[in-house]
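Here is what each chain is made of, one letter per residue.
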Amino acid sequence: MLTLGIETSCDETAIAVINEKEEILANIVTSSIPLHKKFGGIIPEIACRFHVEYIGHCLEEALKKAGISLKDIDLIAVTYGPGLVGALLVGISFAKSLSWSLKRPLIGVNHLKAHIYAALMEHKIIKFPVIGLIISGGHTCLVYVLDIEHFQLLGQTRDDACGEAFDKVAKILGLGYPGGPMVEKRARLGKRQKVKFPRTYLDTQSLDFSFSGVKTAVLYYIRDNFKNNPNRQEVNDICASFQESVIEVLADKALAACQKRKIHRLVVGGGVSANSRLREYFLQRSSLGKVEVYFPCLNLSLDNAVMVAGLGQKLYKKGKVSKFNLTAEPNLGIK
Ligand code: KG4
Ligand code: ZN
C-alpha cells in the first residue's frame, strides 16, 4: 500500500509518499518563507499563491524520488485544518482531483494530531495512552491521547502560541522571521540566568498556557535597560533567558499533565519541538520524574507531509475515509 500525503496548511507546500510499513519513499517540502521575510510574518495571500504554483512540481518531484507513477498510489491523505483557509483549500482541491481521477480513497487529516503522529512514527514502541504536547507557530496544546482516534484536549494557550512568542521576540530583537531557529541560535551563545523573565503558570491546577506576558516582558526589559539597542552579547543573553522561561513552563505543565493522568509517556510535536535546548531540558526533567519523553526526528518536527500520510494511512486502516464534501476547517481543534 502506498499513501500520498499532502500538506498546505500554512507556508510549506509538502508532498510525501510512504509505504505500508511507513517507510518514507519521498518527503518533499518547499517553503514560501523567503517571500514573507520582508513583511516579518506570513501573508496568507502570498502563501496561497505559492501553494498553487508549486504543488504540481512537488508532486512530480515526490513521484520521481519514490520511483513510482501516479497509478501506484493507493490512498490520498490531506490536511484539512487547522490553518489558513485559502492555503488549506489548495491542498484539499488538489487531493480531491487526484482522488477523483485516480479513483482512490481520500482521507482528511487534522494537522495538530499529525504533529503528534510524527513522533509515533519515529518511536513505534510507544504504548497508548500518552500525553501529547503540540507546540507550533499557531498552537500550544496539551492533549490526552487514548489511541490514534481518540484525543482529548487538556489545556491550550489563552493568547500567543509558544512558536508565535519566539517569532515575536525575534522581531523585537530584529532577528528576522521565522524567529524560533534564530532565537535558538543566539541563545546558544547567551547566559540563561542573566534575566529572570516571568514564568506564567495561571492558576495552579490549570493546564492552560499564556505566553504574551513573557513577550511583553522582553519588550519592557529592552525599553528600560538600553538607551541604544542591546549589543550582540546582550541579545544572546536575552534570547537564552527568554527561551529558558518558555521551556520551563512547557515542561512543568506537560509533566503536571502526566502526573494528573498517571501516564508515564509524553510525546512532543510541532515546530518548536525542533529546539535542541528544549529537547535537552525535557529529557533531563523527565528522567527525574520517570516519564519517557519522545520527539519526532528533526525533519519531521516542522511542517511536512510524511506525518499527514502516516496518520491518514493509520486512520484508513481503521476504516475511516472522507467524502468529497471534505472542506477546509481553519479553526479545527482537538476533537
Ligand atoms: O509546526 P510548524 O512548522 O508550523 C505550524 O504548524 O505553525 O511550527 C512553526 C513554528 C514557528 O513559530 C517557528 O518559529 C517555530 O515553530 N520553530 C522553533 C524552532 N524551529 C521552528 N521555535 C524554537 N526553536 C526552534 N528551533
Ligand atoms: Zn505545524
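Residues numbered from 1 in each chain as written. Chains lettered and ligands numbered in written order. Predicted model: local features only at pLDDT ≥ 70, side-chain atom pairs only at ≥ 80, totals over all residues. Heavy atoms only, no water.

Around ligand 1, the surrounding shell holds 20 residues, and the nearest of these are Gly137, Asp167, Gly180, Glu184 and Gly271. The separation between a nitrogen atom of ligand 1 and a polar side-chain atom of Asn275 is 3.0 Å. Isolated, ligand 1 exposes 550 Å² of accessible area, and the fraction of that covered by the protein chains is 89%. In this structure the site holding ligand 1 corresponds to the largest pocket. Put simply, the parts of the chain that give the shell around ligand 1 at least two residues each are helix H4 (111-122), helix H5 (162-172) and helix H6 (179-187). Broken down by element, the shell around ligand 1 gets its largest block of residues, four residues, from H6. When the residues that make up the shell around ligand 1 are grouped by side-chain class, the tally is six nonpolar, 11 polar and three charged. (Near = heavy atom within 4 Å. Polar contact = N/O pair within 3.5 Å; in protein donor to acceptor, adjacent residues only side chain to side chain. Areas by Shrake-Rupley, 256 points an atom, 1.4 Å probe, with all protein chains shown as cover. 1 Å grid on protein atoms, 1.4 Å probe; cavity = no way out; pocket = protein on both sides within 12 Å on 5 of 7 lines; lining within 4 Å. Sits in = over half its atoms within 2 Å of the grid points. Helix = DSSP H or I, 4+ residues; strand = E, 2+ residues; numbered from the N terminus. Nonpolar A, V, L, I, M, F, W, Y, C, P; charged D, E, K, R; others polar.)

What follows deals with the pattern of salt bridges. Here the structure, examined in full by the defined rule, presents 16 salt bridges. Asp160 is paired through a salt bridge with Lys215; the nearest N and O atoms lie 2.9 Å apart. With a gap of 55 residues between them, Asp160 in the loop between strand S8 (150-156) and H5 and Lys215 in helix H7 (residues 212-225) connect regions that are remote in the sequence. By relative accessible area, which is 7% here, Asp160 ends up buried. Note that Glu244 is salt-bridged to Arg277, the shortest N-O span being 2.6 Å. Residue Glu244 is located in helix H8 (residues 232-261), and its partner Arg277 is located in helix H9 (residues 276-288); the two are separated by 33 residues in the primary sequence. Here the two residues Glu244 and Arg277 agree in accessibility, since each one is buried. One continuous salt-bridge network, built from bridges that share partners, spans Asp160, Glu164, Lys168 and Lys215. (Salt bridge = Lys/Arg side-chain N within 4 Å of Asp/Glu carboxyl O. Buried < 20%, exposed > 50% of the residue type's maximum accessible area, 1.4 Å probe, protein only.)

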